[in-house]
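# Geometric and topological summary
Now for the letters of each chain:
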Amino acid sequence: MVVIRWRLPGRGVGRAIKNWIIWKWEQAILTARSLTYNEHMSQSYAIDFMMEPIFWFVDNFAKYLGKVFVFCVTILTSLVVVIAYWVGLPYWWQRCPYTSVFLVIFGNWLLLNITFHYYMGVITPPGYPPNDLSVVRRHGRPRRKKDLVLLKAASICKKCIAPKPPRTHHCSVCDRCILGMDHHCPWLNNCVGYRNARYFYLYMLYMLAGVTFIIVAGIDIGYQVLWLNDTGGIIPYNDPDLIGHPVRMNQSGILVPVKVIVEYDSINFPREHNLPMPPVTEAQRIAAHPWKRKGVVFMAVTCVSVVLALGGLVILHAKNISRGETSVEAAINAKLRKTKKKFRNPYDFGRRKNWKLFLGLTQGRTFLRHVLLPSSHGPAGTGIKWHTVDNTLEDWP
Ligand SMILES: [Zn+2]
Ligand SMILES: [Zn+2]
């Protein structure tokens, strides 16, 4: 007898499908790799590639973002000042009126410098190379000294197709050349360059001092309000009057109704007893005030963030100023120092003179009047022609 057995192709089909999927997957990877092959592929290339949308975004929208940033800086600074007066001043006044007066004067001196340097940083143009070279072309020879200098310019800007004085760089956001360019600052909605670098740096410095001042003056308020007196919005000793029949407690702990009439002012209200109660502190009042308490939290978060962000930037720029470099030059010179052994920054006159030049403390200007107080004096030189250490004959400034 013949027995016919049917066998279902169970395992074989599964394996075939699996092999087919693997084969197609490998094909897809090979296709993708061959289509996107790049001999220069490296980690930095990959990072550059992934950053490209961000650069595009910054280049195209920085102008609009800048306005939003300036608005945010103004609002945040105003809010911090308002809260300092609303929450901080009553607290300090209760502690010591003399200290309060000192804090108000010192704080307003910082505020004046912050406002002045920020405003000047925003409205002062960084300085642009003169573009009236047509004068030179028409007359065949430069008519003014400024034009003569430009003819000897260090290089030509490929984007502006115009002479580029030394230390000038092209800003892709402003889309023009900037004298002594440092960087484009979205917080100022302006380029930081030859004419406004001092405002930019002093703004950062005074802002850092300002938030440090707020933290130092407010750390005790923060500790008292958020740590010691976190009452959940209740002012202590402020319980509502008890309503009901008054009782007394005798020595055995038994409640005894009060019956004697002199204990009452009227039927329902027991006579007021002036029991000694500790005074409510300002910190307790702040802790119990829902908006003041939020204000303290806001101040803590804002000020600590600003100190962390600005602290590093202030140190970094101080380093550059000490070396007589702009941020752009710091990056270029760092490379040059690696490749050229005998590289020397031609604009480095030594730390002391570099700072004096940066702060514009020339022609008898003083630190007291021109740094500690708002001053709109311009920087030394022209921003087009720069003195170098190699030029020892020239007395500058
Ligand atoms: Zn340019
Ligand atoms: Zn710019």
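Residues numbered from 1 in each chain as written. Chains lettered and ligands numbered in written order. Predicted model: local features only at pLDDT ≥ 70, side-chain atom pairs only at ≥ 80, totals over all residues.

## Observations concerning the overall build of the chain
Definition in use: Here a strand is any run of E in DSSP of at least two residues, a helix any run of H or I of at least four, and the numbering for each starts at the N terminus. Between the buried cut of 20 or more and the exposed cut of 12 or fewer other C-beta atoms within 10 Å of a residue's own C-beta lies the partly exposed class, and all C-beta atoms are placed from the backbone. Residues are defined as contacting one another if the C-beta atoms placed from their backbone atoms lie within 7 Å.
The helix and strand tally for the chain stands at 11 helices and 8 strands. Looking at the chain as a whole, 20% of its 397 residues are labelled buried. For the chain, the proportion of contacts with a sequence separation of at least 24, taken over those separated by at least 6, is 62%.

## Focus: the packing of helix H2 (residues 43–95) against helix H3 (residues 97–123)
In a packed pair of helices, the relevant descriptors are the angle between the two axes and the axis-to-axis distance. Rules: In this analysis, axes come from line fits to C-alpha atoms, helices being fitted only over the stretch in contact, and the angle between any two N-to-C directions falls in the range 0 to 180 degrees. Here is the rule for angles: anything less than 35 degrees is roughly parallel, anything more than 145 is roughly antiparallel, 65 through 115 is roughly perpendicular, and the remaining ranges are oblique. Under this grouping Gly is polar, as are all residues other than the nonpolar Ala, Val, Leu, Ile, Met, Phe, Trp, Tyr, Cys and Pro and the charged Asp, Glu, Lys and Arg.
Interhelical geometry of H2 versus H3 gives an angle of 175° and a closest axis separation of 10 Å. In this view, H2 runs roughly antiparallel relative to H3, as classed from their interaxial angle. For the pair H2 and H3, contact is made by Val 70, Val 81, Ala 84, Leu 89, Trp 92, Trp 93 and Arg 95 and by Pro 97, Thr 99, Ser 100, Leu 103, Gly 107, Leu 111 and Val 122, respectively. Split by residue class, the contact of H2 with H3 holds 10 nonpolar, 3 polar and 1 charged.

## Quick notes on the UniProt feature "transmembrane region" (unreviewed entry) in the chain
We count it as follows: UniProt positions are given in the numbering used here, feature names are shortened, and annotations may be inferred rather than shown by experiment.
Sites flagged by UniProt as "transmembrane region" (unreviewed entry) map to residues 68–88, 100–119, 200–219 and 296–316. Along residues 68–88 the backbone is 100% helical and 0% strand, and the end-to-end C-alpha distance reaches 29 Å. From the first C-alpha to the last, residues 200–219 spans 28 Å; its make-up is 100% helix and 0% strand.

## Some thoughts on the nonpolar core
Note the cut-off: Think of a nonpolar core as buried Ala, Val, Leu, Ile, Met, Phe, Trp, Tyr and Cys residues, each tied to the set through C-beta atoms within 7 Å.
Core analysis: the largest hydrophobic core is formed by 39 residues, its most contacted members being Phe 200, Tyr 203, Met 207, Ile 221 and Ile 286. Residue assignment for this core shows that the elements contributing at least two residues are H2, H3, strand E4 (176–178), strand E6 (190–192), helix H6 (197–228), helix H7 (282–288) and helix H8 (290–322). Excluding anything up to four places from it in sequence, Ile 286 contacts Val 87, Tyr 91, Ile 221, Val 225, Lys 292, Arg 293 and Val 296.

## Comments concerning the environment of Gln 363
Mapping Gln 363 onto the fold places it in the loop between helix H10 (351–359) and helix H11 (367–370). Given 8 C-beta atoms within 10 Å, Gln 363 falls into the exposed group. Through-space distance from the C-alpha of Gln 363 to that of Ala 380 is 9.0 Å; in sequence the pair is 17 residues apart.

## With respect to H8
Under the convention used in this document: Every helix has an expected span of 1.5 Å times one less than the residues it contains. Bend at a residue means the angle formed by two fitted axes: the first through the 7 residues ending at that position, the second through the 7 residues beginning there.
The first and last C-alpha atoms of H8 sit 47 Å apart over 33 residues, in line with the 48 Å expected at 1.5 Å per residue. The sharpest bend along H8 comes to roughly 25°, located at Leu 310. Listing the buried residues of H8 in full gives Arg 293, Gly 295, Val 296, Met 299, Cys 303, Val 306, His 317 and Asn 320. Close packing links the buried residues of H8 with H2, H6, H7 and helix H9 (327–339). Gly 324 sits one or two positions beyond H8 and adopts a positive phi of about 70°.

## Focus: unusual backbone geometry
Among all residues except glycine, the phi angle is most often negative; among peptide bonds, the trans geometry is most common. Unlike most non-glycine residues, Arg 167 shows phi in positive territory, near 70°. With respect to the helices and strands, the residue Arg 167 is situated in the loop between strand E2 (162–164) and strand E3 (169–171). For Arg 167, a count of 22 C-beta atoms within 10 Å translates into the label buried. Despite not being glycine, Asn 189 shows a phi value in the positive range, around 55°.

## Things to note about the confidence of the model for the chain
Stated formally: Residue-level confidence of the predictor is summarised by pLDDT, bounded by 0 at the bottom and 100 at the top.
Put simply, the chain has an average pLDDT of 84, and 81% of its residues get 70 or more. Low pLDDT (under 50) marks residues 134–140, which in the prediction has 5 contacts with non-local residues, meaning those over four places away or in another chain.

## Thoughts on the packing of H2 against H8
For the record, the criterion: Take the far helix as your reference; a near helix turned counterclockwise from it by less than a right angle gives a left-handed crossing, and one turned clockwise gives a right-handed crossing.
Close contact between H2 and H8 brings their axes to 10 Å; oriented N to C, the two are set at 130°. Judged by the angle between their axes, H2 and H8 are oblique. In terms of crossing hand, the pair formed by H2 and H8 is left-handed. On H8, the residues touching Leu 76, Val 80, Ile 83, Trp 86 and Val 87 of H2 are Lys 292, Gly 295, Val 296, Phe 298, Met 299 and Thr 302. Partitioning the contact of H2 with H8 into residue classes produces 8 nonpolar, 2 polar and 1 charged.

## Describing the environment of Arg 323
Tracing the backbone shows Arg 323 in the loop between H8 and H9. Of the residues examined, Arg 323 has 16 C-beta atoms within 10 Å and is grouped as partly exposed. Spatially, the C-alpha atom of Arg 323 lies 7.1 Å from that of Asn 354, the residues being 31 residues apart in sequence. Dropping the residues within four chain positions of it, Arg 323 is found in contact with Asn 345 and Asp 348.

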